[in-house]
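A structural walkthrough
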Amino acid sequence: MSNNYSEGKLRWTSSLIAVFIRKPEFIEALVALIIIHLAFSSAYAIKIASSIPFKFFSVGYFFITVSAAVLTLLIFYVRKLEILKDKMKTKHTGIIYSLIFIASILLVIWLLTQALLVAFVKLEYSAIVNQYRSMVNKATNGFWEKLTIDILWNITKNVKEEFTVTYGRAGFIPSRFLDENGPLNYVMFPIFAYYYSMWRNEFIVVQRTGACSEFATTITTLLRDVAGTPTRKIVLQGIDHALPEVYFKGEWWVFDIFYTTQNNPVKAETYATYLKHERNGFDKYVSRMLVEESGLDVTREHGFNTSTLTIKAIIDVVTPPTEDTPAANAEVEIFALENLYDPLVA
């Protein structure tokens, strides 16, 4: 049975190859599709590279390296041009070789762009970490046990100055583009996609752009790698916001320099009180606070009073209670009168 299956599969494969040999149009179409894929994917990889504000490694070096590789490939093909001419005896053969020529150049650009992008991002991230480690060394005179919360806050200030905020503005945010693409990244640029899946947070630090979520990721990643302090990213519900927190000397501190704690860090346990008295009652807009990585609810830990509310959605409110049928997949939203733009419970 297995032998018959193998022989049938072999005959089918041979027939397919024979069709391609007899029908060069298929080869032309296939190579043309490869060219389109390589060109489209390379263009997006270059767009990602050009959108990153490299500080320590000029993006010009990136394009110079790619251009040099392409030029070298062109010189190689020019030297082989006579051989190609001899093989271009028919119309289809000439077209096929021309398409393969174009595809080869694009393949080099495609592979080199990904490899260089990964290398440049890794080197840039290492340079950023070393820069802030030097800042800590200078502030503590090399005695890291003298590290203070103010030193960590100063690092956060420096990061903020170099961070481009996209609140209310249209703009290309590389990490969001990659997150939305998901598995498609492995089709477009597999080398870079693997890097991004493993070291996504490093990339977000280097891209230096985004909104509260990207900034929170930047601070939690950078302070953890620079100073070795535990950090976490908190997601707020009731208001669309995320913020970074740092664990220092037995206490969690809110480092929300972009929004709620712009002047100084605040102890997590006093955060609700701080929002109430220093941020004009902002505490009433917060319904829950969750640690992004684990989903742990830390609302009470931040000084908020929380309660459990059970809601039962029924199909027909006029039927007797004994005949109430729960509604499947019902969506229920509860709003505070002063917070109509974001549900407190959903």
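Fair warning: this is a prediction, and the values are worked out from it, not measured in the lab. (Residues numbered from 1 in each chain as written. Predicted model: local features only at pLDDT ≥ 70, side-chain atom pairs only at ≥ 80, totals over all residues. Heavy atoms only, no water.)

Some details on the overall build of the protein chain
Regarding its fold elements, the protein chain presents 12 helices and seven strands. The buried share of the protein chain, taken over its 346 residues, is 39%. If you take every contact in the protein chain between residues at least 6 apart in sequence, the share linking residues at least 24 apart comes to 60%. In the structure as shown, the protein chain presents an accessible area of about 20,100 Å², 60% of it carried by carbon and sulfur atoms. (Helix = DSSP H or I, 4+ residues; strand = E, 2+ residues; numbered from the N terminus. Buried < 20%, exposed > 50% of the residue type's maximum accessible area, 1.4 Å probe, protein only. Contact = heavy atoms within 4.5 Å. Areas by Shrake-Rupley, 256 points an atom, 1.4 Å probe, with all protein chains shown as cover.)

Some words on helix H9 (residues 190-198)
Every α-helical turn comprises 3.6 residues, leaving residues that sit three or four positions apart pointing alike. All buried positions along H9 are accounted for by Phe192, Ala193, Tyr195 and Tyr196. When H9 is viewed along its axis, its buried side chains cluster within an angular range of 160° and face the same direction. (Arc of directions from axis to C-beta.)

With respect to the pattern of salt bridges
Applying the stated rule across the entire model yields 10 salt bridges. Between Arg232 and Glu245 there is a salt bridge, and its shortest N-O distance comes to 2.8 Å. With Arg232 in strand E3 (residues 231-237) and Glu245 in strand E4 (residues 241-248), the pair connects residues that are 13 residues apart, well separated along the chain. Here Arg232 matches Glu245 in class, with each residue buried. One salt bridge connects Asp297 with Arg288, and the closest N-O pair in it is separated by 3.2 Å. For Asp297, a relative accessible area of 37% corresponds to the partly exposed category. Each of Glu124, Glu162 and Arg208 takes part in one network of salt bridges that share partners. (Salt bridge = Lys/Arg side-chain N within 4 Å of Asp/Glu carboxyl O.)

Quick word on the packing of helix H6 (residues 149-162) against helix H11 (residues 212-227)
As a packed pair, H6 and H11 sit with axes 11 Å apart at the nearest point and diverge in direction by 135°. Considering their axes alone, H6 and H11 lie oblique with respect to each other. In this structure, the crossing between H6 and H11 has a hand that is right-handed. Of the residues in H11, those touching H6 at Leu152, Ile155, Thr156, Val159 and Lys160 are Phe215, Thr218, Ile219, Leu222, Leu223, Val226 and Ala227. Looking at the contact of H6 with H11 residue by residue, the classes come out as nine nonpolar, two polar and one charged. (Axes fitted to C-alpha atoms, helices over the stretch in contact; angles between N-to-C directions. Parallel < 35°, antiparallel > 145°, perpendicular 65-115°, else oblique. Left-handed = near helix turned anticlockwise from the far one by under 90°. Nonpolar A, V, L, I, M, F, W, Y, C, P; charged D, E, K, R; others polar.)

Observations regarding the pairing of E4
Buried residues dominate E4, accounting for seven of its eight residues. Linking E3 to E4, which pair antiparallel, is a turn of three residues; within it Gly238 sits at a positive phi near 95°. Bridging between E4 and strand E5 (residues 251-254) involves four bridges; their strand directions are antiparallel. Of the residues in E5, the one forming a bridge with Phe248 is Glu251. Remark: two residues form the turn of the hairpin made by E4 and E5, two consecutive strands paired antiparallel; Lys249 in that turn has positive phi of roughly 50°. (Pairing = 2+ DSSP bridges.)

Thoughts on the environment of Asn130
In this structure, Asn130 sits in helix H5 (residues 91-140). Residue classification places Asn130 among the partly exposed residues on the basis of a relative accessible area of 43%.

Regarding the packing of aromatic side chains
Considering all chains together, one arrives at 18 aromatic pairs under this definition. Ring geometry for Trp153 and Phe255: centres 5.3 Å apart, planes at 70°, overall edge-to-face. With a gap of 102 residues between them, Trp153 in helix H6 and Phe255 in the loop between E5 and strand E6 (266-267) connect regions that are remote in the sequence. Each of the two residues, Trp153 as well as Phe255, counts as buried. With a centroid separation of 5.7 Å and an interplanar angle of 50°, the aromatic rings of Phe172 and Phe177 are classed as tilted. Residue classification places Phe177 among the buried positions, given a relative accessible area of 14%. (Phe/Tyr/Trp six-rings, centres within 6.5 Å; stacked < 30°, edge-to-face > 60°.)

Some details on the sheet that holds strand E7 (residues 288-291)
Taken together, the five strands give an open sheet; going across it, the order is E6-E5-E4-E3-E7, and neighbouring strands pair in antiparallel fashion. The open sheet has two free edges, formed respectively by E6 and E7, since each of these has just one partner strand. For E3 and E4, the ladder comprises six bridges, and the chain directions are antiparallel. Following the sheet pairing, Leu236 is matched in E4 by His241. Most of the contacts of H11 go to E4, to which it runs at about 15°, and overall it touches E3 and E4.

So, the nonpolar core
In this structure, Leu152, Phe192, Phe203 and Leu222 are the most contacted members of the largest nonpolar core, which totals 46 residues. Listed by contribution, the elements that provide at least two residues to this core are helix H2 (24-51), H5, H6, helix H7 (174-181), H9, helix H10 (200-207), H11 and E4. At 10 residues, H5 tops the list of elements feeding residues into this core. Ignoring any residue separated from it by four or fewer positions in sequence, one finds Leu222 in contact with Tyr125, Ile128, Val129, Tyr132, Val159 and Val205. Judged by nonpolar contacts, the second largest core, of 19 residues, contains Ile239, Trp252, Val254 and Val266. (Core = buried A, V, L, I, M, F, W, Y, C linked by side-chain atoms within 4.5 Å.)

Remember that the coordinates give geometry; whether it matters functionally is a separate question.
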